[in-house]
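Examining the three-dimensional arrangement
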Amino acid sequence: GTLRLGGGAGGNIHGELDIRSRFDNQTIHLDGENATMTIGTANNGGTIRVKDKNDEVSILIDGEAGDIKLTNGDLAEEFALAAAHTVEPGMLLVLDDDAKLRACERAHDPRVAGIAAGAGDTKPAIVLGRRPGHEPRVALALCGKVYCKVDGDLGAIAVGDLLTTSPTVGHAMKADPHAANGTIVGKALAPLAAGRSLIPVLVTLR
């Protein structure tokens, strides 16, 4: 069904929708002429709630507080993926000669770029650089908390340890204390004594 407000043969009627509270206060106003939507009024701040498929609020715009709350965890940006490479969320990625991304495969690689976003229960709150229909791309976590694949068999990991690339494809490892600048991807937010697993990482490229 379609609800149409405004227009007409004369072209001199603009669409407008006015929703009021039981006290006759205008709380929601849609103005077709100026393409504006106003939510809220004096003593009644406007709120917009966007829910996910689980009926949980994922985006909250709070006019009273002047705040936008995003429940997901990191800021990401899409980059081109190197040809013939497959990347899974949580993999640690590096740049190739064409500045495209692929999984890491050597220790302390100065071409480390970041972690593929979307692993575990932490999804990107904002994704920049989306280009639908272009070459294969992957969302790279730029900052915030993100889950990363790590290899504890290359050295036990404690909370706060710096992480770098490892020879285990797509996995991070504990960085050498004297690691060169440009090889660190972040800090571990959970321990891993041994084995391979996903752990939360605070992205701090340096």
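See the structure above.
Position numbers for residues count from 1 along each chain, tracking the sequence in the order it is written. The predicted origin of the model limits local features to residues at a pLDDT of at least 70 and limits the giving and counting of side-chain atom pairs to 80 or more, whereas totals for whole chains, interfaces and linings rest on all residues. Heavy atoms throughout the structure, all of them, feed into the side-chain values; hydrogens and water do not.

1. As for the sheet that holds strand 8 (residues 57–62)
Two strands pair under a simple rule: DSSP has to find at least two bridges between them. Only runs of H or I of at least four residues qualify as helices and only runs of E of at least two qualify as strands under DSSP, and these elements are numbered from the N terminus. Across the sheet, 3 strands lie side by side as 7-8-9; this open sheet has antiparallel pairing. Of all strands in the sheet, those bounded by a partner on one side alone are strand 7 (47–51) and strand 9 (67–70). On average, adjacent strands in this sheet sit at an angle of 10 degrees to one another, irrespective of strand direction. Note that strand 8 and strand 9 share 4 bridges and pair antiparallel. Here the axes come from fitting lines to C-alpha atoms, over the contacting stretch only for helices, and the angles between their N-to-C directions go from 0 to 180 degrees.

2. Quick look at the nonpolar core
Side-chain atoms within 4.5 Å link the members of a nonpolar core, which is a set of buried Ala, Val, Leu, Ile, Met, Phe, Trp, Tyr and Cys residues. Any residue under 20% of the maximum accessible area for its type is buried, any over 50% is exposed, and the rest in between are partly exposed; the area is computed with a 1.4 Å probe on protein chains only. With 23 residues, the main nonpolar core has L92, I115, C148, V150, I157, L163 and I199 as its most contacted residues. At 5 residues, strand 15 (residues 137–151) tops the list of elements feeding residues into this core. When residues no more than four places from it in sequence are discounted, the contact partners of I115 are G90, M91, L92, A139, L140, A141, V146, Y147, C148, V185, V201 and V203. Judged by nonpolar contacts, the second largest core, of 10 residues, contains M91, L93, L101 and V138. Two residues qualify as a contact provided that any one of their heavy atoms is within 4.5 Å of a heavy atom in the partner residue.

3. Brief notes about the pairing of strand 3 (residues 16–20)
By the bridge criterion, 5 bridges tie strand 3 to strand 4 (residues 26–31) in an arrangement that is antiparallel. Paired with R20 across the bridge in strand 4 is Q26. In this antiparallel pair of consecutive strands, strand 3 and strand 4, the connection spans 5 residues, and D24 shows a positive phi of 70 degrees.

4. Focus on the pattern of salt bridges
Counted as salt bridges are all cases of a side-chain nitrogen of Lys or Arg within 4 Å of a carboxyl oxygen of Asp or Glu. Per the counting criterion, the structure on display carries 11 salt bridges. In this structure, D24 and R20 form a salt bridge, with 3.8 Å as the shortest nitrogen-oxygen distance. Owing to a relative accessible area of 42%, R20 belongs among the partly exposed residues under this scheme. Among the charged side chains, a salt-bridge network with shared partners connects D18, R20 and D24.

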